[in-house]
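If you want the building blocks of each chain, they are given just below.
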Amino acid sequence: MFVCTRYKWIKMGTKVNLISGRTTVQGRNLDSKLSEEYFDEVARCDLNKADLEKLGVAADESVKVNTSYGEVIVKAKEDGGTPEGIAFMPMGPWANAVVSGDTHGAGMPVYKGIDAEIEKTGEKVLHVKELMQTYMG
Amino acid sequence: MAEVLIKNGVVYDPLNGVKGEKKDICIRDGKVVESVTNPKVIDAEGRVVMPGGVDIHSHIAGGKVNSGRLFRPEDGRKGLEAKTKVCRMQSGYSVPNTFAIGYRYAKMGYTFVMEAAMPPLAARHTHEELVDIPILDNAALPLLDNNWMTMEYVNGGDMDLLAAYVAWIMKATKGFGVKIVNPGGTEMWGWGKNCSLNDTVPTFDVTPAEIIKGLAEANEKLEMPHSIHVHTNMLGHPGNFEITKETYDLVKGVNTVKDRQVMHTTHTQFHSYGGTNWGDFESKADAIAGYINQNDHATIDIGSVILGDTTTMTADGPMEYSLYQITGRKWTNHDVELETGSGITPFLYSGKSPVNTIQWAIGMELALLVEDPWKIALTTDHPNAGPFIGYPILISMLMSKKRREESSADMHKVIYDKALLPSIDREYDLNEIAIITRGMTAKALGLHEHGKGHLGVGADGDVAIYDMSPEETDAGKIQKAFLNTKYTIKDGQIVVKDGEVVATPDGKTYFVTPECDDKLTDEMMVKLKDKFDHYYTVTLNNYPVQDAYVPNPYEIKTQMRG
Amino acid sequence: MVEVTDVVCSLCGCVCDDIVVEVEDNKVTKVKRGACSVGKSKLMGHNRIKSPAIRVNGELKDCSYDEAIKKAAEILAASRRPLLYGWSSTVCEADKVGVELAEELGAVIDNTASVCHGPSVLAIQDVGLPSCTLGEVKNRADVIIYWGANPAEAHANHMKRYSYVSKGFWTEEGKKAKKLVVVDVRATKTSKMADVFLQIEQGKDYLVFSALRAILYGHADVVPDEVGGVSKKDLLETAEMMKGAKFGATFFGMGVTHTGARQNNIVNAIQMTRAAHTHTKFTITPMRGHYNVAGINQVCTWETGFPFAVDLTRGYAWYNPGELSATDLLIRQECDAALIIASDPGAHFPGESIKHLAKIPVIQIDPFPNPTTEFADVVFPAAVSGVEAEGNVYRMDNIPIRLRKLIDSEYPEDEAILKRILDEVRAIKEKEGN
Ligand SMILES: [Zn+2]
């Protein structure tokens, strides 16, 4: 659906359509984004049971989400409401590490509908301060 | 002590019977005085001098004005002007930004503008924008006619309680007077419907006619400075002139202790239509003017058309929907719980269109056929029939039959058989222009008692000096003079010089606080509280406009008649 | 202990104003009624930025407000292409000063609408918006549609106060006499309450709007058996439900504004509403996120003529969202300084744009430390609007409500900080002789 010329496709894994959005706990911590509750809620990726099994990942294990725009490590979570082939990440720094800033002339980045690949990883999920550090320099 | 002396001006001050006399104007500390001792002298050099203009009806601030701006960036781009040392940035033509509104009105010699429609629930918004409009004194009329409280009291015949509610609304919204817009029709628009003057509004079981009469009585009980201000039912429908006349008749018997009309009907051009459809559409300005000539209880403003593209906006939701269906252009609608509604759609008045041509003629016909200028005001219902910046065009038209003939020749030929304009010889003189742009409007609003619209001792030091001699007959020069003053003086301060804004003081906001019997108010509050407890989505305590939003208040107190 | 009533929530676009709290020793000690869990959390407070600070050698060092004001003004006055961004979680009084500062600097001023309902604004500029206040929905609506919105999580009081669950004049039976339609990619807390849940394929909103439009205009014959993962049967049923409404209300969220077709989705949503309006009364309203994102759009519009993405370089307003939104400016690495207020691009912008923000001098005004603080070079702690400061805000339906001040703050209000920066910028410009 979406063509990007500025970046190269990086790695192979399970292909999903990534969307980001609000949650209650994310909203409750809008003013406390450095809190543990925010970290636990937002640094995650919801997947359908079938997709989790395909990845061989259990809930709360780390996955790497790869897109043309970046990669990020988050915890996987099972969510029955998310259909197969869709990955949902609460809006916030982790999801935004892999979404696109191309506004297609509308001023709006692409926060939903991003081709992503997900793979199991042993790497650690970065805390928000560590994640922001990756943008420096 | 700041003093100003304007000498050698030819003064038109109709409220004081001054019709083009060479006369000095003295101002001290912002007010007109008998004499001054050490003034700054402005030599008018024989130019035309008038009190600051008073606009009785214009949409300059609030939710629908801003929705008009927001959804028409193409209009915003028309009036772009960079900030200067004195002025802030400007944008827009039919929907100018707040700064442009103040500067452009001031350049035309206006110092007071009435915002004609304020939804009470969104009154804070109207005031936030009024605060941001430089120079102009201002006020706003809260919409009261499609209001559930009003309809329930009218239904029950409780006129004293209705008056108590009107008083509460004036205080809560920092409002100036009672506005009525398509009574009943906007409530019915809540269900996608509309109604006419004698139809019954379901649930509330009242007719628009009863609402108008009830509010007129309540208004006079409160001895409000202004009469009810009415946009009658069936705006813009062919054949609506009968309803307009019938509306005038409704309040014929209503008494007032004030020296003014008991009903002002607005943008009458839109309500003076004959025919049964757009095919046989014709002017009935003669019928309306005839009624006004024979009766003294009603005044009108003309709502005259300015050719070109504009943005129409009104609390008359169903009317805007009809207009959008005709044009197919974009359409915004915003119904307001328990109170009112609004609609907005762009519109092009074209001289090639037979309908627009007749509309264009009607506004001027009304001005020319109403014999007594004290019954008529100059408006374009900005921006509905055209932007206020078109006033100088209208003034030049009214003053010059030659100009009207030239312009008519460029219009659709229907003007010669469906309109009356070509057959009218009358030409306004400057005294009459001064009446319909300041004297009459100040008096109809009751603001002449508060220093507006005249230059008698004690009046506000608001003066317009137009760069023309009183003998000028060239329509083009007249138009130019009325677009950019030589001087506009506001409260004794020069705000425009040689057509440029040179100072931008803050304007005052006029509002009325009617007092009535506590017991009556208490009884009314029981009903009102119930509305807030069950139907409004804002609490009673968060509803009233706080003083912070009226930083330069001018309060007019009234007392309810027992 | 004092009980304060009619407290106005400064979190989401619902702007609930019937909250009751207890205040003791200049602290909000309890939220008694009215707020959802998110609003309650806001009112009870969080960790604060403690002191103004300036970044020196990579570390934020505490300083006085005077020093921070001076530094901020120097950064802005020296900038050739400043970006002033945010404005949605503060009051209109502050936003007005923001526009004035942008005008003085010749800056680009943009607000968070550009990452939430900016596409909705573009759509409204194309076709208009037939809408109403939330009380109209409460009192009249019997068919409610949430499309790409999950109010049960994001606007927790919306259904209770204004729509499906609320009781009003013609809706006194509440949800029993109403129908709820939810359209979403995922099953959500909201979709679980729905009478009809249309689970559509991601990115297919435009197609589904088109199909419903066609049906409502009497052209069901052109609709294929399945559209965007929804069966024609379900679409026909939904259209019938819409036609049968006495008063229908559509609410749409970022599920529609964030996906591929962006503003085209919203144009189609509005056209669908117009189509429904040919049968019955139908309205449509965007679910605005921040409590005053509608307000900055209002202020920016009445002062500049345009609602967001406004460039004041020329001295007058130049509006072109696809060129001048904060994201566009950052992706092009065009701005050379930024003032961020009442928003958190560090958390809510794509990483690509944050990279540029991290490179340029950034001034932050906010009560709370957040990801943006991590790269901010000058930081101003501010009073919390709606708790420690009052001022006007606009609800998602553009109804103005004045936030209340509940307790005193040791920090200045946004408006006061901005005014001081503006004064200092003017002083610098005067000294430089322009
Ligand atoms: Zn009007």
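Right, let's walk through the structure included here. (Residues numbered from 1 in each chain as written. Chains lettered and ligands numbered in written order. Predicted model: local features only at pLDDT ≥ 70, side-chain atom pairs only at ≥ 80, totals over all residues. Heavy atoms only, no water.)

## Here's the deal with the interface of chain C and chain A
Interface size is commonly expressed as the accessible surface area that is lost when the partners come together.
Then, in step 1: Across the boundary between the two partners, chain C contributes 53 residues, which contact 48 residues of chain A.
Then, in step 2: With both chains or domains summed, chain C and chain A bury close to 4,300 Å², and 59% of this area falls on carbon and sulfur atoms.
Then, in step 3: Where chain C touches chain A, the interface holds 4 salt bridges.
Then, in step 4: A:Lys129 is the salt-bridge partner of C:Glu374, the closest N and O atoms lying 3.6 Å from each other.
Then, in step 5: The interface formed by chain C and chain A holds 16 residue pairs in polar contact (both at pLDDT 80 or more) in total.
Then, in step 6: For the side of chain C that touches chain A, the secondary-structure elements that each account for two or more residues are helix 1 (37-44), helix 4 (118-127), helix 6 (151-154), helix 10 (254-257), helix 13 (321-324), helix 14 (326-331), helix 15 (345-348) and helix 16 (351-359) of chain C.
Then, in step 7: Of the residues contributing to the side of chain C that touches chain A, the split by class is 22 nonpolar, 21 polar and 10 charged. (Contact = heavy atoms within 4.5 Å. Buried area = accessible area lost by both parts, 1.4 Å probe. Salt bridge = Lys/Arg side-chain N within 4 Å of Asp/Glu carboxyl O. Polar contact = N/O pair within 3.5 Å; in protein donor to acceptor, adjacent residues only side chain to side chain. Helix = DSSP H or I, 4+ residues; strand = E, 2+ residues; numbered from the N terminus. Nonpolar A, V, L, I, M, F, W, Y, C, P; charged D, E, K, R; others polar.)

## What to know about the pairing of strand 15 (residues 281-286) of chain C
Residues and elements named next belong to chain C.
Then, in step 1: Among the 6 residues that make up strand 15, 6 are buried, leaving the element largely enclosed by the rest of the structure.
Then, in step 2: Residue alternation in strand 15 divides its side chains into two sets, Lys-281, Thr-283 and Thr-285 and Phe-282, Ile-284 and Pro-286, and both sets are buried.
Then, in step 3: Note that strand 14 (residues 247-252) and strand 15 share 6 bridges and pair parallel. Note on strand 15: the bridge partner recorded for Gly-248 is Phe-282. (Buried < 20%, exposed > 50% of the residue type's maximum accessible area, 1.4 Å probe, protein only. Pairing = 2+ DSSP bridges.)

## Looking at helix 4 (residues 123-132) of chain B
Then, in step 1: Judged by how many residues are buried, helix 4 of chain B sits mostly within the fold: 9 of 10 residues are covered.
Then, in step 2: Those residues of helix 4 of chain B that sit buried are B:Ala123, B:Arg124, B:His125, B:Thr126, B:His127, B:Glu128, B:Glu129, B:Leu130 and B:Asp132.

## Here we look at the packing of aromatic side chains
Then, in step 1: Counted by the stated rule, this structure contains 40 aromatic pairs over all chains.
Then, in step 2: Centre to centre, the rings of C:Phe169 and C:Trp170 are 4.6 Å apart; their planes meet at 80 degrees, and the pair counts as edge-to-face.
Then, in step 3: Through successive ring pairs, a cluster of aromatic residues spans B:Trp148, B:Trp191, B:Phe204, B:Tyr535, C:Phe169, C:Trp170 and C:Phe247.
Then, in step 4: Note that B:Lys174 overlies the ring of B:Phe511, its terminal NZ or CZ placed 5.5 Å from the centroid.
Then, in step 5: Sitting above the plane of the A:Phe88 ring, C:Arg186 keeps its charged end 3.5 Å from the centroid. (Phe/Tyr/Trp six-rings, centres within 6.5 Å; stacked < 30°, edge-to-face > 60°. Lys NZ or Arg CZ within 6 Å of the ring centre and 35° of its normal.)

## Quick look at the coordination of the zinc ion
Under ideal tetrahedral coordination, the four donors around a metal are separated by 109.5 degrees; under ideal octahedral coordination, the six donors are separated by 90 or 180 degrees.
All names here are of chain B.
Then, in step 1: At this site the zinc ion is bound by His-57 (NE2), His-59 (NE2) and Asp-381 (OD), with donor distances of 2.0 Å.
Then, in step 2: Going along the chain, you hit the donors of the zinc ion in the pattern H-x1-H-x321-D. You can see His-59 sitting in the loop between strand 6 (53-58) and helix 1 (63-71) and its partner Asp-381 sitting in the loop between strand 18 (376-377) and helix 13 (391-399), a full 322 residues away along the chain. (Donors = N, O, S within 2.8 Å, 3.2 Å for Na, K, Ca; no water.)

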